[in-house]
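Fold and geometry: a report
Read off the chains here:
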Amino acid sequence: MFIKTIRKSTLTACGLLAACAGAGAALLAWPQAAASGISRGLSICASIIIPSLFPFLVLAGFLVKSGLSEAIGRRLEKPTRFLFGLPGSCAAGILVGFIGGYPAGGIAVGELVERGAITRAQGRRMLCFCVNGGPAFIVSAVGAGMMGSIAYGGMLYAAHIAASVVLGLVLRWLEGGEEETAEGKPALPPPPSRPSPAAAFVEAVNASCRSMLYMCGFILLFAAALSLADGSGLAAGIDRALAGPLEALGLDRSLSVCLLPCLLEVSCGSVEAAHAGAAAPLLLGMTLGWGGFSVHCQVAASLQGKGLVGKGFFAARALHALLGGIFSVLLFRYIPVEAPVFSPSAGALILPYSSSAGAAAALLAMCALFLLTAAVKPKEGGTRLSARRRPGEEDACRRG
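Residues numbered from 1 in each chain as written. Predicted model: local features only at pLDDT ≥ 70, side-chain atom pairs only at ≥ 80, totals over all residues. Heavy atoms only, no water.

**Things to note about the overall build of the chain**
Keep this limit in mind: In this description a helix means any DSSP run of H or I spanning at least four residues, a strand means any run of E spanning at least two, and both kinds are numbered starting from the N terminus. Each residue is placed in one exposure class: buried if its accessible area under a 1.4 Å probe, protein chains only, is under 20% of its type's maximum, exposed if it is over 50%, and partly exposed if it falls in between. Contacts were defined at the residue level, with two residues in contact if any of their heavy atoms lie within 4.5 Å. For the accessible areas, the method is Shrake-Rupley and the probe is 1.4 Å, while residue cover comes only from the protein chains on display.
Counting secondary structure elements, the chain contains 19 helices and zero strands. Residue burial in the chain is summarised as follows: out of 400 residues, 44% are buried. Considering only contacts in the chain between residues 6 or more positions apart, those separated by 24 or more positions represent 78%. When the accessible surface of the chain is totalled, it reaches about 21,000 Å², and 66% of it is carbon and sulfur.

**Side note on the packing of helix α12 (residues 256-264) against helix α13 (residues 266-273)**
Quick reminder of the rule: Axis lines are fitted to C-alpha atoms, over the contacting stretch for helices. Their N-to-C directions set the angle, which ranges from 0 to 180 degrees. Angle categories are assigned with fixed cut-offs, so that under 35 degrees is roughly parallel, over 145 is roughly antiparallel, 65 to 115 is roughly perpendicular, and the rest are oblique. Working rule for handedness: look at the near helix, and if it is turned counterclockwise from the far one by less than a right angle, call the crossing left-handed; if clockwise, right-handed. Nonpolar residues are Ala, Val, Leu, Ile, Met, Phe, Trp, Tyr, Cys and Pro. Charged residues are Asp, Glu, Lys and Arg, and all others, Gly as well, are polar.
Following both chains from N to C, one finds α12 and α13 inclined at 155°, their axes separated by 6 Å at the closest point. Overall, the two elements α12 and α13 adopt an arrangement that is roughly antiparallel. Read as a crossing pair, α12 and α13 show a hand that is left-handed. Side by side, α12 and α13 meet where V257, C258, P261, C262 and L264 of the first sit next to V266, C268, G269, E272 and A273 of the second. Residue composition of the contact of α12 with α13, grouped by class: eight nonpolar, one polar and one charged.

**Details of the side chain of S294**
Along the chain, S294 falls in helix α15 (residues 292-302). With near-sequence residues (within four places) excluded, S294 lies in contact with F218, I219, F222, L264 and E265.

**Digging into the nonpolar core**
How we decide: Definition of nonpolar core: a set of buried residues of the types Ala, Val, Leu, Ile, Met, Phe, Trp, Tyr and Cys, connected through side-chain atoms within 4.5 Å.
One finds I94, M126 and F137 to be the most contacted residues of the largest nonpolar core, which totals 73 residues. Not counting residues within four places of it along the chain, the set of residues in contact with M126 comprises L86, C90, G93, I94, V109, L112 and I118. V58, A200, F201 and A204 belong to the second-largest nonpolar core, a separate cluster that totals five residues.

**Regarding the side chain of S164**
Within the secondary structure, S164 sits in helix α9 (residues 150-175). Its relative accessible area of 0% is what places S164 among the buried residues. Every residue in contact with S164, bar those within four places of it in the chain, is listed here: F98, F129, N132 and H320.

**Details of the packing of aromatic side chains**
Aromatic rings considered in pairs are described by the distance between their centres and by the relative angle of their planes. For clarity, the threshold we go by: Centre distance within 6.5 Å is the pairing criterion for rings of Phe, Tyr and Trp, where only the six-membered ring of Trp is used; planes under 30 degrees apart are then read as stacked, over 60 as edge-to-face, and the remainder as tilted.
Applying the stated criterion across every chain, the model contains six aromatic pairs. Arranged with centres 4.9 Å apart and planes meeting at 20°, the rings of F84 and F129 form a pair that is stacked. Note that F84 is positioned in helix α4 (residues 77-84) and F129 in helix α7 (residues 120-130), a separation of 45 residues in sequence. Taken as a pair, F84 and F129 share a single burial class, namely buried. Judged by centre distance (4.5 Å) and plane angle (40°), the rings of Y152 and F332 are tilted. Of the two residues, Y152 sits in helix α9 while F332 sits in helix α16 (residues 311-334), which places them 180 residues apart along the sequence. For F332, a relative accessible area of 12% corresponds to the buried category.

**As for the layout of surface pockets**
Rolled over the atoms, a probe as big as a water molecule pinpoints where empty space is left. Selection rule: For cavity detection a 1 Å grid was placed over the protein atoms alone, and a set of points counts as a cavity when a 1.4 Å probe fits there but cannot get out; an open set counts as a pocket when protein lies on both sides within 12 Å along at least five of seven lines, with lining residues being those that have an atom within 4 Å of a point. Grid points are joined across faces, edges and corners, and a volume is the space filled by probe spheres set on the points.
In this structure, the largest pocket spans a volume of roughly 430 Å³. Forming the boundary of the largest pocket are 17 residues, of which C258, L259, C262, L283 and M286 lie nearest the centre. Where the lining of the largest pocket is concerned, the elements lending two or more residues are α11 (234-248), α12, α14 (280-290) and α16. Looking at the lining of the largest pocket residue by residue, the class counts come to 15 nonpolar, two polar and no charged.

**Description of the packing of helix α8 (residues 135-146) against α9**
Running from amino to carboxyl end, α8 crosses α9 at an angle of 140°, the nearest separation of the two axes being 7 Å. Considering the angle they form, α8 stands oblique to α9. Considering only the axes of α8 and α9, their crossing is right-handed. Within the contact between the two elements, α8 uses P135, I138, V139, V142, G143 and A144 and α9 uses I150, G153, G154, L156, Y157 and H160. Here the residues of the contact of α8 with α9 are counted per class, giving eight nonpolar, four polar and no charged.

**Quick look at empty space enclosed by the protein**
As enumerated under the stated definition, the model contains two cavities of 30 Å³ or more in all. Counted as a void, the largest cavity has a volume near 100 Å³. Lining the largest cavity we find 13 residues, and of these I49, L53, Y102, V266 and S267 sit closest to its centre. When residues of the lining of the largest cavity are traced back to their parent elements, those giving at least two are α2 (31-65), α10 (197-232), α13 and α15. Residue contributions to the lining of the largest cavity peak at four residues, all from α2. For the lining of the largest cavity, the per-class residue count stands at nine nonpolar, three polar and one charged.

Geometry only, nothing functional implied.
Given below as structure tokens:
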């Protein structure tokens, strides 16, 4: 009797080939559903993602590349070390992670590791609690746009950040703070040379454009996948399969509708969770804490080659989802907030606010900084264009 051994790589290749064939068949069978999902993803990117996140991505990159994070870190050295067991240079990245939105905090962590400000192990731990939704998305998009209440969004944001801080404290306690050498100092590689402010700004914009392309690409992909799941009946099958267990646990069976969107894409998941009635605070808190596989892929793509995204990152996202749901329920129980009920509308849900005051102020400040730092004094003896026209030049222009 002969037994043929099949290698794991062969099984993996066969599985990937079957997945590609299935995806291609689904695209051919339901092309309208895929097109509708892409259209919805483009609307989300144009109305929510790019206006609210791009300025913060540039700000995060500039803070790290210009060396300002080190200056901020020297003033926040003690609280950062006391709370999270991390060097003070991480303070700016942590603040960007709290206010910048997905995945600005993760990109800031990658910049710190690349510049040698922190070790790779510290970067992995920092990444676990620095990938958060920002106020531009949670307060404006989810609170005001989806729930019709800015106060509702503020409560969700408070619960979300509280869960992130608790997660950072727990990880600091579990891992015992920062790694140290035999001399008792952090083992850090020598930092690279610091570029000029103008060069740092240009590099930050360049990196932010790449990151924005990654983000929008994954949002389009997962939006199309959700639309295909609806069009093919897969989502309905999952709903029917989960309805029984949910009823056995004493929960509303309609919650099964939210599971797939909340797991895959945070924007679409928040739209579904906003219609969950009394369970909306719990589902929104868990959805925002988890972030969706779309955000996870965005972080992984932005930090490719740095060795920061591992199994611990996904475990931390699950714990953040649990803490975010619990804190949201507790906050809304003791500080109730009224949210007006309105009929669901695709346009209203996807187009809550097209801009953010904080994002606009940050963008204007960075533009002013670029104009101030890019002004280079011309060298003596060099040629320089004059703003005045020579005699006869105006007549020549008119004749031309």
